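Residue-level structure breakdown
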2 protein chains.
Amino acid sequence: MRIKRIRMIGLVAVAALVLAGCGNLKNSSFGANSTSNTTTGSKTTTTTGTTTSDDYEGVIKNGQYRTSKSRGVNVSQNDNVMNLKSFEIGLLDVSKKVFSTDKYVMQEGQYLKSSTVENWLGRYSKSNQSGLNPKDNGKKGETTRNPIYLQQLEEQDYMVQNGSKLSLGGVTIGLGLNSVDYYTKVQYGATYETKISTTELTAQGKKMANKVLQRLRQRSSLKNVPIVLALYKQSSNDSLVGGNMIGYAVSKNGSTSVSDWKSLNWNNYVFPATSESKNAGANNNDESDFSSFKSHVQNFFPNLSGVTANAHYKDKSLSKLSVNITTKFYSETEIISFTQYVSTAAKRYLPSGVPVEITIKSANGDIQSFLARTAKGSSYYTHVFSDQGNN
Amino acid sequence: MRIKRIRMIGLVAVAALVLAGCGNLKNSSFGANSTSNTTTGSKTTTTTGTTTSDDYEGVIKNGQYRTSKSRGVNVSQNDNVMNLKSFEIGLLDVSKKVFSTDKYVMQEGQYLKSSTVENWLGRYSKSNQSGLNPKDNGKKGETTRNPIYLQQLEEQDYMVQNGSKLSLGGVTIGLGLNSVDYYTKVQYGATYETKISTTELTAQGKKMANKVLQRLRQRSSLKNVPIVLALYKQSSNDSLVGGNMIGYAVSKNGSTSVSDWKSLNWNNYVFPATSESKNAGANNNDESDFSSFKSHVQNFFPNLSGVTANAHYKDKSLSKLSVNITTKFYSETEIISFTQYVSTAAKRYLPSGVPVEITIKSANGDIQSFLARTAKGSSYYTHVFSDQGNN
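The residue numbering used here restarts from 1 in each chain and proceeds along that chain's sequence as written. Chains and ligands are labelled by the order in which they are written, letters from A for the one and numbers from 1 for the other. For a predicted model such as this one, the threshold for reporting local features is a pLDDT of at least 70, and the threshold for listing and counting side-chain atom pairs is 80 or more; totals across whole chains, interfaces and linings nevertheless cover every residue. Water and hydrogen atoms play no part in the side-chain values, which are based on all heavy atoms of the structure.

Counting secondary structure elements, chain A contains seven helices and 18 strands. In this scheme, a residue with accessible area under 20% of its type's maximum is buried, one over 50% is exposed, and one in between is partly exposed, where area comes from a 1.4 Å probe on protein chains only. Looking at chain A residue by residue over its 391 residues, the buried ones come to 58%. Two residues form a contact once any of their heavy atoms are found within 4.5 Å. Intrachain contacts of chain A at a sequence separation of at least 6 include 59% that bridge at least 24 residues. For every accessible area listed, the method is Shrake-Rupley and the probe measures 1.4 Å; residues are considered covered only by the protein chains on display. Carbon and sulfur atoms form 47% of the exposed surface of chain A, whose accessible area is close to 16100 Å². Strands are runs of DSSP state E lasting at least 2 residues, helices are runs of H or I lasting at least 4, and numbering of each runs from the N terminus.

On to the environment of L121(B). Residues and elements named next belong to chain B. Secondary-structure assignment places L121 in helix α4 (residues 114-121). Owing to a relative accessible area of 8%, L121 belongs among the buried residues under this scheme. A C-alpha to C-alpha distance of 7.5 Å links L121 and L153, two positions 32 residues apart in sequence. Excluding anything up to four places from it in sequence, L121 contacts V73, Q77, N133, L150, Q151, Q152 and L153.

Remark: the centre distance and the inter-plane angle together describe each pair of aromatic rings, the angle taken between the planes. Whether two aromatic rings pair depends on their centres lying within 6.5 Å, for rings of Phe, Tyr and Trp, where Trp uses its six-membered ring; planes under 30 degrees apart make the pair stacked, over 60 edge-to-face, and the rest tilted. Enumeration according to the criterion identifies 36 aromatic pairs over all chains in this entry. Seen from their ring centres, F300(A) and Y65(B) are 5.0 Å apart, and the 25 degrees between their planes marks the pair as stacked. With one member in each of two chains, F300(A) in the loop between α6 (284-298) and β14 (304-314) and Y65(B) in strand β4 (residues 64-65) form a pair that bridges those chains. Judged by its relative accessible area of 3%, Y65(B) falls in the buried class. Within the aromatic cluster, the residues linked to one another by ring pairs are F370(A), Y381(A), F385(A), F370(B), Y381(B) and F385(B). Placement of a positive charge over a ring is assigned whenever Lys NZ or Arg CZ falls within 6 Å of the ring centre and within 35 degrees of the normal to the ring plane. Against the face of W120(A) rests R215(A), its NZ or CZ located 5.0 Å from the ring centre. Above the plane of the ring of Y183(B) lies R145(B), whose end atom (NZ or CZ) is 3.5 Å from the centre.

This part takes up helix α7 (residues 332-349) of chain B. In a helix, the anticipated span is given by 1.5 Å times the number of residues less one. A rise of 1.5 Å per residue sets the reference length of α7(B), with its 18 residues, at 26 Å; its end C-alpha atoms lie 25 Å apart and thus fit the reference within 8%. Taken across its 18 residues, α7(B) has 15 buried, putting it largely inside the fold.

Counting buried positions along strand β5 (residues 104-108) of chain B yields five of five residues, so the element is predominantly enclosed. The side-chain alternation of β5(B) yields two buried faces, one formed by Y104(B), M106(B) and E108(B) and the other by V105(B) and Q107(B).

Now for the side chain of R373(B). By the element assignment, R373(B) lies in strand β17 (residues 367-373). Although R373(B) is buried, it forms no salt bridge, and the closest oppositely charged side chain is D289(B) at an N-O distance of 9.1 Å. The charged-residue count follows a simple rule in which Lys and Arg add positive charge and Asp and Glu add negative charge, with His and chain termini not counted at all. Each reported salt bridge corresponds to a side-chain nitrogen of Lys or Arg within 4 Å of a carboxyl oxygen of Asp or Glu.

A word on the pattern of salt bridges. Inspection of every chain in the model, using the stated rule, returns 16 salt bridges over all chains. Linking E334(A) and R71(B) is a salt bridge whose minimum nitrogen-to-oxygen distance equals 2.6 Å. Within this pair, whereas E334(A) is found in helix α7 (residues 332-349), its partner R71(B) is found in the loop between β4 and α2 (73-77), the two belonging to separate chains. Judged by relative accessible area, R71(B) falls into the buried class, the value being 18%.

Bringing the sheet that holds strand β13 (residues 266-271) of chain A into the picture now. All names here are of chain A. For two strands to pair, DSSP has to find at least two bridges joining them. The mixed open sheet is built from six strands, whose spatial order is β13-β14-β15-β16-β17-β18. The open sheet is flanked by β13 and β18 (381-384), the only strands paired with a single partner. Across the sheet, the mean angle from the axis of one strand to that of its neighbour is 10 degrees, orientation sign disregarded. Sheet topology note: the strand β16 (residues 356-362)/strand β17 (residues 367-373) ladder contains six bridges and is antiparallel. Pairing of K361 across the sheet is with I367, part of β17. Only C-alpha atoms enter the line fits that serve as axes; for helices the fit covers just the stretch in contact. Angles between N-to-C directions range over 0 to 180 degrees.

A separate point is the pairing of strand β8 (residues 180-184) of chain B. All names here are of chain B. The sheet contact formed by β8 and strand β9 (residues 191-195) spans five bridges and is antiparallel. Bridged to D181 within β9 is T194. Between β8 and β9, which pair antiparallel one after the other, the connecting turn spans six residues, and Y188 there sits at a positive phi close to 60 degrees.

Take the side chain of Q340(A) next. For Q340(A), the location among the structural elements is in helix α7. A distance of 3.0 Å separates a polar side-chain atom of Q340(A) from the backbone oxygen of Y56(B). Two N or O atoms count as a polar contact when they lie within 3.5 Å, although within protein this holds only if one can serve as hydrogen donor and the other as acceptor, and sequence-adjacent residues are included solely when both atoms are side-chain atoms.

Before going further, it helps to spend a moment on the sheet that holds strand β14 (residues 304-314) of chain B. Residue and element names in this part refer to chain B. Spatially, six strands are ordered β13-β14-β15-β16-β17-β18 in an open sheet, and the strand pairing comes out mixed. The open sheet has two edge strands with one neighbour each: β13 (266-271) and β18 (381-384). If you compare each strand with its neighbour and ignore which way they point, the axes differ by 10 degrees on average. Direction of pairing for β13 relative to β14: antiparallel, over a ladder of six bridges. Bridging from a neighbouring strand, W266 pairs with K314 of β14. Here helix α6 (residues 284-298) sits on the sheet in contact with β13, β14, β15 (317-327) and β16 (356-362), set at roughly 160 degrees to β14.

What follows covers the environment of Q129(B). Residue and element names in this part refer to chain B. Turning to its location among the elements, Q129 is positioned in the loop between α4 and β6 (150-162). By relative accessible area, Q129 is classed as exposed at 53%. A sequence separation of ten residues divides Q129 from N119, and the C-alpha atoms of the two residues are 8.5 Å apart.

Here it is, written out as structure tokens:
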């Protein structure tokens, strides 16, 4: 009985680690004692170590993480941080379709530096002929002006280990395209919006991706490697969920244009649905499961302020559910009991077969406790934080 | 190999659940289908369910958590939320020495209501003859005035299940005593401090505990149950760690006074030590282990803003380590790689044999990722949050 339980939880834990996307079981290696050190010139390159074959390892050089050459550009380009996070996670997910996590190590982009990316994100003009966004046509009307289509651009490098060396095995370029372009008519003036249809932003994105591809192919080191071009649709600034990947294409054998685009039907919704967000693409069963969970949990305390969820869909199937619960109270014993209760309620009501994460936070944003279950798991891993607060 | 790994993680997971203090494997029960429903009159009482025998279940009545009758009083009494959290956790830990988690269910205090606790926390005066703090002697000097010794008071009830009924099996009362009493000389004026020695606050606490005991014994329902009296030393308002339990006594067989106090040598420290906090009681090896971890981790990014830890000691042995890492960057791929790296570094450098929790947060307090290892575990459970932000 005891042994059975341990085995069952073992399976849960393995799946949990898969979900978590990181850890230290496989190839965890750094420092002088490591077996997977690779030497490039006199410098030491190692990898971060990872948990499972579902995740890429990262690249460490001389004890420091090899950060992107355009580090920080996309941070400043996003008013909604959810667009940054889901863009990068989406890029990893698309890359996994082409570059297997068994063979490839992920390196933050090393070929496009900040000034290059900043110029490409700008409007085309006499002084910035590499600008991918259309030139300013002088108009200020919401539908008459030329909007900014391309909001962020990211390069990810995929490395292969040859003996003791890491060499470039492929590149993924993501283009984040606005569904709403925010602008002002005068400096510090009111904000206006130009809405961009998915059809239009997709067409513009494909054109821009081909221009980017041509430019990359001119570099000798990128002349022949596979290049994945991925298009991402940014969500609006007031959205509680990030945007989503809408399509990708792979350029092989040094080709300088791609036309074979695969579309991705990935979507994010907020539960419960509001009159503004009708969640047309979400599964009704998932919504009613969540609603049962919510009403069960919301009665627990006299004043629980909110239970919402971000629901991620791939091809109309729920792929991940992130539940956010906000409490108005601090009492540690209440949080412990509440976490026990939520764990039971989640197991009973929330959809099975998909990864679920649940965070319980105080009204001021401090995390109080955390629960997670993997796609294959039936029980929840739970953790109550006792040393958080006054952050 | 595969099976071995699963078993190993299984053990980690079991231990993790023990640490987490909540879950849903044992007696998880609520609602009409539950086996552990108990009926008091026409009302349905159930329990929250818990993970392991190391934790108390909580009490649910008619689908709602049975909150304390003095709910919220201690929240308003604490400027440093760490004092509230560590007080409640400490009370649970002391209670476990007397009321086994196998036999008892924890119920938030039902006998002392808010107004009672508020009066007891007040100064003794003509209009508040139940005030436990000394009367105002009219003086304003830091050493001449009568300070407020008792800052917070909490009742926890421990219930036993008799057939289909829950009945009271014991009570724990915690008294939170100031090491620093903050006061103003005029309304809205500057804040002054009266420092109170541990010897003095302990003596005052014991006296007050005996008064509380006498009052509780006058109530017919509390006449004969075991009552645990626990003393807690509050940390200062600017402390990054909470205070700690300093002693307790058990009153049995309806006794109206206790004299057999057991002292507790529990302490909290912040790593790294500063010139102000010398961590005299902490183990030097633990501090140097943490320092190795910190320097290894801090080089990973160009700009990592902080690595600190709260170290909890019981009888001069490390009992728990909570590490807080603050990052200045948002990039999701960086957080994933960093979490992998931290997991490996923690396994290599941090003390083994004690539970460790590590949180990685952005500068604005959003949690980015979380790692935990149990006392018995060797590997870390890790989770990267992808749906947090804009909180």
